[in-house]
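# Tertiary structure, described
Letter by letter, the chains look like this.
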Amino acid sequence: MTHQQFAVTPPMGWNSWDCYGATVTEEEVKGNAEYMAKYLKEYGWDYVVVDIQWYEPGAVSSVYRPFVPLEMDDYSRLIPATNRFPSAENGKGFKALGEYIHQLGLKFGIHIMRGIPRQAVHANTPILGTNIRARDIAHPNSICPWNTDMYGVDASKPGAQEYYNSLFNLYAEWGVDFIKVDDIAASRLYDIHVDEIKLIRNAIDQCGRDIVLSLSPGPAPLEFANVLKENANMWRMTDDFWDTWELLYGMFERCEKWSEHVAIGNWPDCDMLPLGHIGIRSVDGGGSDRYTRFTKDEQLTMMTLWSIFKSPLMFGGELRDNDKWTLSLLTNKEVLNMHRNSTQAKLIFREDDKIVWSTKVEDTTYVALFNATDNVETVRVTFEQLQLQSPLNKLDVWKENEEGIIDKEMNEVIPAHGVKLIKLYNE
């Protein structure tokens, strides 16, 4: 099986970063998994992802504590902090948590940083199954500019592949289905780390488990699109995405540039959905404990753009605090059908920040009319521009409202920063 078959549709799930930063606990992960199993699994949401620094016992927010001791085994591999993940006691790692999530019918994911722990290098601990030690494979000048946990790995050194193999063999034992690797797709210091991406691809291929590979942060360089597709399932097109209009506005251009590279098993990633209750212990993104700062129109715009583009969907809020509105954004069957099954998504036009995208599911056409201006505007698109024959039935997808039969064109009054998503179909 090729890695593209590990994720034949864009992955959908929950990630702990937007609400808990580096501090999420086992109890919180289980609680969100239980919510997903009860309310979202039937709609296709199934990944539960523990984000960064699960090996840091004293993590307090999204602000990393530099140069602190981390939990590590005898072979240079980071392991869960047992004060936060009690089921990891006695060297069990994430195995019990993974089993718990699997028993709910869900999939289990974790975040890791590129490289080898600095503390392993300083202590010169061994690499499993070799006579090589951490110092032999470390690249001490290849560091992450925003986190002090790791040194890069020098792919040219004997033992480099064996180290990554030992990591992914451990993750396979834990039942990990999804790995988000950070400080690798782009970097403020070094650009993309192709050599380590290839080490990780090899390590997954030999570990005996189908593990979806997600690369962060962005923006991943467009000129490396083929390398990304050959090695990963998803990769970030953006730096961390938060609940501000400026970042959402910028995503239209990113989606336009990357749209030709969307393919089965290869999903350019718009990043997480900062919806619902976020910032609980995460101060990143310029906020604190809050519900999303996006207006309802902006939330619809984000969900529509991510879905028509076929980005992975990773919800960032504390699921158990969802209100009826937020849950409705995640359970609209027409939107999710478009996200999962559509092909041929494309930008029809962008003029004066009036933006139209379309995509197809068999003989059905979905049309998203976006108003990215600061005022109420009318957005017009013709059947000729959409390459459609008239007449067709029209459904307002978000309002789930049939609007009759139309032909020739649509003129829609759209609120500022808003969208109207339309389904056009024959009976």
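In this convention, every chain numbers its residues from 1, walking through the sequence in written order. Residue-level local features of this predicted model are given only where pLDDT is at least 70; pairs of side-chain atoms are given and counted only at 80 or more, and the full residue set underlies all totals for whole chains, interfaces and linings. To obtain the side-chain values, all non-hydrogen atoms of the structure were included, while hydrogens and water were left out.

## Quick word on the packing of helix 6 (residues 160–174) against helix 7 (residues 194–206)
Here an axis means a line fitted to C-alpha atoms, over the contact stretch when the element is a helix, while the angle between two N-to-C directions is reported on a 0 to 180 degree scale. Only DSSP runs of H or I covering at least 4 residues are called helices, and only runs of E covering at least 2 are called strands; the numbering of each starts at the N terminus. Packing of helix 6 against helix 7 leaves a shortest axis separation of 8 Å and a crossing angle of 50°. As far as their axial angle goes, helix 7 and helix 6 are oblique. You can see that helix 6 and helix 7 cross each other, and the crossing is right-handed. Residues Ala160, Gln161, Tyr164, Asn165, Phe168 and Asn169 of helix 6 form the contact with helix 7, whose own contacting residues are Glu196, Leu199, Ile200, Asn202, Ala203, Ile204 and Gln206. Following the grouping adopted for this structure description, the nonpolar residues are Ala, Val, Leu, Ile, Met, Phe, Trp, Tyr, Cys and Pro, the charged ones are Asp, Glu, Lys and Arg, and the polar ones are all others, Gly among them. Here the residues of the contact of helix 6 with helix 7 sort into 7 nonpolar, 5 polar and 1 charged. Between 65 and 115 degrees an angle is taken as roughly perpendicular, under 35 as roughly parallel, over 145 as roughly antiparallel, and anywhere else as oblique. In this scheme, a crossing is called left-handed if the near helix is turned counterclockwise away from the far one by less than a right angle; it is called right-handed if the turn is clockwise. Should any heavy atoms of two residues lie within 4.5 Å, those residues are considered in contact.

## Let's talk about the layout of surface pockets
Within this scheme a cavity is a closed region of a 1 Å grid, computed over the protein atoms alone, that accommodates a 1.4 Å probe without allowing it to escape, whereas a pocket is open but has protein on both sides within 12 Å along at least five of seven lines; lining residues each have an atom within 4 Å of a point. Grid points are joined across faces, edges and corners, and a volume is the space filled by probe spheres set on the points. The space that makes up the largest pocket amounts to roughly 450 Å³. Along its surface, the largest pocket is lined by 26 residues, and Trp146, Arg188, Pro217, Asp239 and Asp240 are the ones closest to its centre. Every element with two or more residues in the lining of the largest pocket is listed here: helix 1 (17–20) and strand 7 (178–182). Along the lines of polarity and charge, the residues of the lining of the largest pocket split into 11 nonpolar, 4 polar and 11 charged. Considering only enclosed or pocket space, the second largest pocket measures out at about 210 Å³ in volume. Around the second largest pocket, the lining is made up of 15 residues, and of these Val262, Lys310, Ser342, Thr343 and Gln344 lie nearest the centre. No other element matches strand 14 (residues 343–351), which puts 3 residues into the lining of the second largest pocket.

## Quick notes on the UniProt feature "domain: Alpha galactosidase C-terminal" (unreviewed entry) in the protein
Here, the residues flagged by UniProt with the feature "domain: Alpha galactosidase C-terminal" (unreviewed entry) are residues 352–424. With 5% helix and 63% strand, the stretch residues 352–424 has end C-alpha atoms that lie 25 Å from each other. UniProt positions are given in the numbering used here, feature names are shortened, and annotations may be inferred rather than shown by experiment.

## Focus: the sheet that holds strand 4 (residues 116–117)
A pair of strands is labelled paired if DSSP reports no fewer than 2 bridges between them. Read across the sheet, 3 strands follow the order 4-6-5 without closing on themselves; strand pairing throughout is antiparallel. Edge strands, defined here as strands with exactly one partner in the open sheet, are strand 4 and strand 5 (138–143). Direction of pairing for strand 4 relative to strand 6 (residues 150–153): antiparallel, over a ladder of 2 bridges. From the neighbouring strand, proline 117 faces strand 6, where its bridge partner is methionine 150. The sheet strands contacting helix 6 are strand 4 and strand 6, and the helix crosses strand 6 at an angle near 120°.

## Digging into empty space enclosed by the protein
Applying the stated rule across the entire model yields 2 cavities of 30 Å³ or more. What lines the largest cavity is simply Asn15, Phe178, Lys180, Ser214, Ser216, Met234, Arg236, Asp269, Asp271, Met272, Pro312 and Met314. For the lining of the largest cavity, the secondary structure elements donating two or more residues are strand 7 and strand 9 (234–236). Across the lining of the largest cavity, the residue classes break down as 5 nonpolar, 3 polar and 4 charged. A volume near 70 Å³ is recorded for the second largest cavity. Taken together, Trp54, Tyr55, Leu78, Ile112, Met113, Gly115, Met150, Tyr163, Leu167 and Tyr171 make up the full set of residues lining the second largest cavity. Secondary structure elements with two or more residues in the lining of the second largest cavity: strand 3 (107–113) and helix 6. Top element by residues in the lining of the second largest cavity is helix 6. It accounts for 3 residues. Taken together, the residues that form the lining of the second largest cavity break down as 9 nonpolar, 1 polar and no charged.

## Details of helix 10 (residues 296–309)
With 14 residues, helix 10 should reach 20 Å at 1.5 Å per residue; the first-to-last C-alpha distance of 20 Å fits that figure. We call a residue buried when its accessible area falls under 20% of the maximum for its residue type, exposed when it is over 50%, and partly exposed in between, using a 1.4 Å probe and counting protein chains only. For helix 10, the buried fraction is high: 12 of the 14 residues fall into the buried class. Given the number of residues in a helix, its expected span is that number minus one, multiplied by 1.5 Å.

## Overview of the pattern of salt bridges
What makes a salt bridge here is a side-chain nitrogen of Lys or Arg within 4 Å of a carboxyl oxygen of Asp or Glu, nothing more. Applying the stated criterion to the full structure yields 28 salt bridges. One salt bridge in this structure joins aspartate 154 and lysine 157, with 3.9 Å as the shortest N-O distance. Owing to a relative accessible area of 34%, lysine 157 belongs among the partly exposed residues under this scheme. Several salt bridges converge on common partners, so that one network encompasses Lys394, Asp396, Glu403, Glu412 and Lys420.

## Comments concerning the nonpolar core
Grouped together as the largest cluster of nonpolar side chains are 126 residues, with contacts concentrated most on Trp45, Ile110, Ile116, Phe168, Leu215 and Trp306. Once residues within four sequence positions are removed from consideration, tryptophan 45 is found in contact with Met12, Gly13, Met36, Leu40, Leu106, Leu273, Leu313, Phe315, Leu330 and Leu336. Nonpolar core, defined: a set of buried Ala, Val, Leu, Ile, Met, Phe, Trp, Tyr and Cys residues in which side-chain atoms within 4.5 Å join the residues together.

## What about the sheet that holds strand 18 (residues 392–396)?
Here 6 strands make up an open sheet; going across it, the order is 14-15-16-21-18-19 and the pairing antiparallel. The strands lining the two open edges of the sheet, one partner per strand, are strand 14 and strand 19 (401–406). Neighbour to neighbour, the strand axes of the sheet diverge by 20° on average, direction disregarded. Across the sheet, helix 9 (residues 245–258) lies against strand 14, strand 15 (354–361) and strand 16 (364–371), angled at about 125° from strand 14, the strand it touches most.

## Quick word on the packing of aromatic side chains
Stacked, tilted and edge-to-face pairs are distinguished by plane angle, under 30 degrees for stacked and over 60 for edge-to-face with tilted covering the rest, among Phe, Tyr and Trp rings (Trp via its six-membered ring) whose centres lie within 6.5 Å. A complete count under the given rule lists 19 aromatic pairs for this structure. Residues phenylalanine 94 and tryptophan 174 carry aromatic rings whose centres are separated by 5.5 Å and whose planes lie at 85° to one another, so their mutual orientation is edge-to-face. Of the two residues, phenylalanine 94 sits in the loop between strand 2 (47–50) and helix 3 (95–103) while tryptophan 174 sits in helix 6, which places them 80 residues apart along the sequence. Its relative accessible area of 1% is what places phenylalanine 94 among the buried residues. Judged by centre distance (5.0 Å) and plane angle (75°), the rings of phenylalanine 252 and phenylalanine 370 are edge-to-face. Within this pair, whereas phenylalanine 252 is found in helix 9, its partner phenylalanine 370 is found in strand 16, the two being separated by 118 residues in sequence. Each member of the aromatic cluster is reached from another via a ring pair, and the members are Trp54, Tyr55, Phe85, Phe94, Phe108, Phe168, Tyr171 and Trp174. Ring-over charges, as used throughout, are those where CZ of Arg or NZ of Lys falls within 6 Å of the ring centre and within 35 degrees of the ring normal. Taking NZ or CZ as reference, lysine 30 lies 4.6 Å from the ring centre of tyrosine 100, over its face. Sitting over the face of the ring of tyrosine 425, lysine 423 holds its NZ or CZ atom 5.0 Å from the ring centroid.

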